[in-house]
Amino acid sequence: MGIGKGYGKYSSKLVEDAVAFARGSGYGHKDKTELERVADGTHEELWRDRTVGAHAANACEKWMEGLLPMVKEKFEDMLMDGETLNDLICVEHLQLCRDLKDPNDAGIAPEEL
């Protein structure tokens, strides 16, 4: 996993594979040492961090424990409506990633997206 430093309107982010993300984003095109710096953790904007995965896994486990009562309560409705767990947790409960859901189904005005 890796960490991308945010700037301006772009927030920091975790990426699954920092080197693959860097390669796909055009890093190393002009400076051939960039991918090596991402891999060894010395790049100033994006770097691989071998500890992030373990920390994220622990945090997700604890976070999910807190969501289980809500998921259990709404599970049957979710299945009957054909919703995904992502829709239930991220879109409806946490009100994140609202653009993943059809604006007409969610009662979201298109200008809000």
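Residues numbered from 1 in each chain as written. Predicted model: local features only at pLDDT ≥ 70, side-chain atom pairs only at ≥ 80, totals over all residues. Heavy atoms only, no water.

**Let's talk about the confidence of the model for the protein chain**
For step 1, the next point in the chain: On average, residues of the protein chain score 82 in pLDDT, and 84% of them are at 70 or above.
For step 2, the next point in the chain: Mean pLDDT values for the elements of the protein chain range from 48 in helix H5 (residues 103-106) up to 94 in helix H2 (residues 34-40).
For step 3, the next point in the chain: Within the model, the stretch residues 105-113 combines pLDDT values under 50 with eight contacts to residues more than four positions away or in other chains. (pLDDT = per-residue confidence, 0-100. Helix = DSSP H or I, 4+ residues; strand = E, 2+ residues; numbered from the N terminus. Contact = heavy atoms within 4.5 Å.)

**A word on the packing of aromatic side chains**
For step 1, the next point in the chain: Summed over all chains, the structure comprises one aromatic pair.
For step 2, the next point in the chain: Ring geometry for Tyr7 against Tyr10: centres 5.7 Å apart, planes inclined by 55 degrees, an arrangement best described as tilted.
For step 3, the next point in the chain: Residue Tyr7 is classed as exposed on the basis of its relative accessible area of 55%. (Phe/Tyr/Trp six-rings, centres within 6.5 Å; stacked < 30°, edge-to-face > 60°. Buried < 20%, exposed > 50% of the residue type's maximum accessible area, 1.4 Å probe, protein only.)

**Let's talk about helix H4 (residues 85-93)**
For step 1, the next point in the chain: For H4, every residue scored as buried is listed here: Asp87, Leu88, Ile89, Cys90 and Val91.
For step 2, the next point in the chain: Elements in contact with the buried residues of H4: helix H3 (52-81).

**A look at the sheet that holds strand S1 (residues 2-4)**
For step 1, the next point in the chain: An order of S2-S1-S3 is seen for the three strands of this open sheet, with the pairing classed as antiparallel. Unpaired on one side and paired on the other, strand S2 (13-15) and strand S3 (46-48) mark the two borders of the sheet. Strand after strand, the sheet turns through a mean of 25 degrees between neighbouring axes, direction not considered.
For step 2, the next point in the chain: Pairing between S1 and S2: three bridges, direction antiparallel. Considered in S2, the bridge of Gly4 is made with Lys13. (Pairing = 2+ DSSP bridges. Axes fitted to C-alpha atoms, helices over the stretch in contact; angles between N-to-C directions.)

**Thoughts on the environment of Gly53**
For step 1, the next point in the chain: Examined against the element boundaries, Gly53 turns out to sit in helix H3.
For step 2, the next point in the chain: Judged by relative accessible area, Gly53 falls into the partly exposed class, the value being 26%.
For step 3, the next point in the chain: Taking C-alpha positions, Gly53 is 9.5 Å from Leu14, a pair spaced 39 residues apart along the chain.

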